[in-house]
Amino acid sequence: MRLTRGEKMFSYANGLFFIVLMLIMIYPFWYMVMGSISESDRTAEGGLFLIPAGFSLTAYAAVFQNVSILSGFKVTLITTICGTAIGTFFSATTAYAISRKRLRGGKLFSLLILFTMLFSGGLIPTYLLVKTLHMIDTYWALILPGTMGAWNIFVMVGFFRGIPDELEEAARIDGANDLTIFFQVVLPLSKPVLATVGLFIAVGYWNDFFSSVLYATEKDMWQLQMVLKDLISNTSAAISQAGISVAVQQQVNPFTVKMASIIVSSLPILAVYPFLQKHFVKGALIGSVKG
Amino acid sequence: MAVMNGAARRGQAAGAGAGARRPLWKDLIRDRYLYLLLLPGLLLILLFRYGPMYGVVIAFQDYNIYKGISGSEWVGFDQFTRLFNSPDFVEILSNTIIISLYKLAASFTIPIILALLLNELRGVVFKRFAQSVIYLPHFVSWVIFSGIIITFLNPVDGMVNVVIQHFGGSPVDFLGDVRYFRPMLVITDAYKEVGWGTIIYLAAIAGVNAELYEAARIDGATKLRQMWHVTLPAIRPVIVILIILSLANILEAGFQQIFLLYNALVYDVADIIDTYVYRVGIQEANYSYATAAGLFKSAVAMVLILTVNTIVKKSGQEGLW
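Because the structure is a prediction, the values reported are computed rather than measured.

## Overview of the overall build of chain A
Phase 1 of the analysis: Scanning chain A from N- to C-terminus turns up 15 helices and zero strands.
Phase 2 of the analysis: Taken against the 2.2 N^0.38 rule, which gives 19 Å for 291 residues, the C-alpha radius of gyration of chain A at 25 Å runs more than 25% over that of a compact globule.
Phase 3 of the analysis: Principal axes of the C-alpha set define a box for chain A whose edges measure 75 × 70 × 35 Å.
Phase 4 of the analysis: Across the 291 residues that make up chain A, the buried fraction comes to 43%.
Phase 5 of the analysis: Within chain A, residue pairs in contact and separated by at least 24 positions form 71% of the contacts whose partners lie at least 6 positions apart.

## Here we look at the domain arrangement of chain B
Where interface size is given, it is often the accessible area lost as the parts come together that is meant.
Residue and element names in this part refer to chain B.
Phase 1 of the analysis: What the domain assignment reports for chain B is domain 1 (23–76) and domain 2 (86–314).
Phase 2 of the analysis: Distance from the C-alpha centre of domain 1 to the C-alpha centre of domain 2: 35 Å.
Phase 3 of the analysis: In this complex, domain 1 contributes seven residues to the contact, which on the side of domain 2 involves five residues.
Phase 4 of the analysis: Along the lines of polarity and charge, the residues of the side of domain 1 that touches domain 2 split into five nonpolar, one polar and one charged.

## Brief notes about the UniProt feature "transmembrane region" (unreviewed entry) in chain A
Residues and elements named next belong to chain A.
Phase 1 of the analysis: According to UniProt, the feature "transmembrane region" (unreviewed entry) maps to residues 12–34, 46–63, 75–96, 108–127, 139–160 and 181–206 in the numbering used here.
Phase 2 of the analysis: Between the end C-alpha atoms of residues 12–34 the distance is 31 Å, and the span holds 100% helix and 0% strand.
Phase 3 of the analysis: Between the C-alpha atoms that bound residues 139–160 the distance is 31 Å, and the span itself is 73% helix and 0% strand.

## With respect to the domain arrangement of chain A
Residues and elements named next belong to chain A.
Phase 1 of the analysis: Along its sequence, chain A is carved into domain 1 (5–65 + 243–290) and domain 2 (67–215).
Phase 2 of the analysis: The straight-line distance from the C-alpha centre of domain 1 to that of domain 2 is 32 Å.
Phase 3 of the analysis: Across the contact, 13 residues belong to domain 1 and 12 residues belong to domain 2.
Phase 4 of the analysis: Take the side of domain 1 that touches domain 2: its biggest share by element is 11 residues, from helix H15 (residues 254–290).
Phase 5 of the analysis: The class makeup of the residues in the side of domain 1 that touches domain 2 is six nonpolar, five polar and two charged.

## Let's talk about the interface of chain A and chain B
Phase 1 of the analysis: Opposite the 78 residues of chain A that make contact, chain B presents 74 residues.
Phase 2 of the analysis: Of all the elements, helix H1 (residues 5–36) of chain A adds the most residues to the side of chain A that touches chain B, at 15 residues.
Phase 3 of the analysis: Split by residue class, the side of chain A that touches chain B holds 45 nonpolar, 23 polar and 10 charged.

## Some remarks on the confidence of the model for chain A
Phase 1 of the analysis: Chain-level pLDDT for chain A is 87 on average; 90% of the residues reach the 70-or-more range.
Phase 2 of the analysis: For chain A, helix H13 (residues 237–240) of chain A is the element with the lowest average pLDDT, namely 54, and helix H6 (residues 139–143) of chain A is the one with the highest, namely 97.

## Let's talk about the nonpolar core
Phase 1 of the analysis: The biggest cluster of nonpolar side chains holds 129 residues, and the ones touching the most others in it are Met156(A), Leu228(A), Ala115(B), Tyr201(B), Val277(B) and Ala293(B).
Phase 2 of the analysis: At nine residues, helix H10 (residues 181–206) of chain B tops the list of elements feeding residues into this core.
Phase 3 of the analysis: Not counting residues within four places of it along the chain, the set of residues in contact with Val277(B) comprises Leu123(A), Ile124(A), Ala290(B), Ala293(B) and Gly294(B).

## Some points on the UniProt feature "transmembrane region" (unreviewed entry) in chain B
Residue and element names in this part refer to chain B.
Phase 1 of the analysis: Those residues carrying the UniProt feature "transmembrane region" (unreviewed entry) are residues 33–51, 97–121, 133–153, 194–213, 234–251 and 287–312 in this numbering.
Phase 2 of the analysis: Summarising residues 97–121: 96% helix, 0% strand, and an end-to-end C-alpha distance of 36 Å.
Phase 3 of the analysis: Span residues 133–153 is 71% helix and 0% strand, its end C-alpha atoms 23 Å apart.

Conventions used here
What you see as residue numbers is a count from 1 along each chain, following the sequence as written. Each chain is given a letter, starting from A, and each ligand a number, starting from 1, according to the order in which they appear as written. In keeping with the predicted nature of the model, local features appear solely for residues at pLDDT of at least 70, side-chain atom pairs appear and are counted solely at 80 or more, and the whole-chain, interface and lining totals rest on all residues. Numbered from the N terminus, helices here are DSSP runs of H or I no shorter than four residues, and strands are runs of E no shorter than two. Restricting the calculation to C-alpha atoms gives the radius of gyration, and the globule rule supplies 2.2 Å times the number of residues raised to the power 0.38. Our exposure labels follow a C-beta count within 10 Å of each residue's own C-beta, placed from the backbone: buried means 20 or more other C-beta atoms, exposed means 12 or fewer, and partly exposed covers the counts in between. We call two residues in contact if the C-beta atoms placed from their backbones are at most 7 Å apart. What marks off one domain from the next here is an automatic or database domain assignment. Residue classes follow a fixed rule: Ala, Val, Leu, Ile, Met, Phe, Trp, Tyr, Cys and Pro count as nonpolar, while Asp, Glu, Lys and Arg count as charged, and any other residue, Gly among them, counts as polar. UniProt positions are given in the numbering used here, feature names are shortened, and annotations may be inferred rather than shown by experiment. A residue's pLDDT is the predictor's confidence in that residue, given on a scale from 0 to 100. Any set of buried Ala, Val, Leu, Ile, Met, Phe, Trp, Tyr and Cys residues joined through C-beta atoms within 7 Å is what this text calls a nonpolar core.

And the structure:
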């Protein structure tokens, strides 16, 4: 296919446009990385940080000595791992049961789950429920209320319906019951959908801060994002945290520490993103096909 | 075993018409493991989704946390009367709708344009790379992103104001000024989400018949005309569905973003139903009143979604369910 001159011009202009757009998208991250490795006394007047102002890693030393951040990391790791495991597993089991057409009451259960997409009790009743269950300041409050999403379940139901019945029949002839069929036949075939749903659940937990706002009155139950929120809005908190050695405190300022903290806490997502991007896109499309 | 199952299924299929189904208990026993698989997830849903739905009854009470739902006094629609008569109500409702519509204007048009342009990029590697980069902000949490925004827009040493001052302007407090706050919400939301928004359109564009483009080219259509006369009409159903869906979600103005960026200076233009429910309910412990406000939102949202779904189905498209 030969391009006319106009089409060539368009093509170059379009390519240039996207290069500029990408630079705009990357710049904030670049700015933070450069800011975080700058020497603190040279960041005072601000700037564009196209290159670092001097070079120093003390801000990172301060981040890793900060007990709040370390505690936030711990809480977020626990909630993300448990939440993702519980959410993915029980979404799969529930979805599988519903996906079997012979299940009596399957329609009713589907409707029950569908209705949660249309109507919700809202913030206050959920908060009061968690409080009534005495879950405040426990991991349960940070994990359980958000585990089961209707959307995830229906995505999985769609996938399970697509698995050929012959496989199930064959296993049944070999004497397998529904449990063994689910664990030994269905689950191994469902890795793609488990990965996709699991990823979205995991990102949700990793980025969650509002559960801490509601359910964590003690700072040692704060998720990482909550610690970060506090640190961003409260300038002095960034460096006056207990645990940071005096030597480091004297060498850092709130700006470099904020930047370093943001980098450190977004690193896990940025690190896995290039490898998992495909799954994320697939997930978005499964959702949209249904929509 | 297999034979029995087959027989059972045939029986069921025949019974569906004649009303002569197998006894329920036999099915329950046969499918006991399926129910076992169903149970934990269903219990979590009943507890954490339906539990709060029961909890909304406190909107009709003067809820006292020590007396609980059973011991609190019932007050009928008093909380709603208070809400609808409060000057706050008009403000939060209009803020919610205005912010939502502003965002919709941006998040509806920009992804379509970006998808059209992305689709024209030459070179598979470059295209993929460009996509990955513009999707990325979607996965960065609002906490981190708000940290970036606050740092960049800081009136004293923020990068944006450093540039403004460099060109002789005077610094602007973007997040503390009622004139700038809403535009900032729209811009930052667009920045974070437009890339992600292109995915659905790109998939739709990929499905357009390539012969149509070839025919258009032979007729001498420029790229722009091809986009306008071939691509856009082809993806119109997707566009229509997405805009209808966003209209159904009009009361979702972006709680996390506003919660993390707003401050008392801009409450007049930034306070939405969700932030109001949080402040009045959680911070001031006006549980019943805040629940009434939340229930108002949930109820309207449900009516909107049901209406939209009916319209979509009537127009001959596949609905949400």
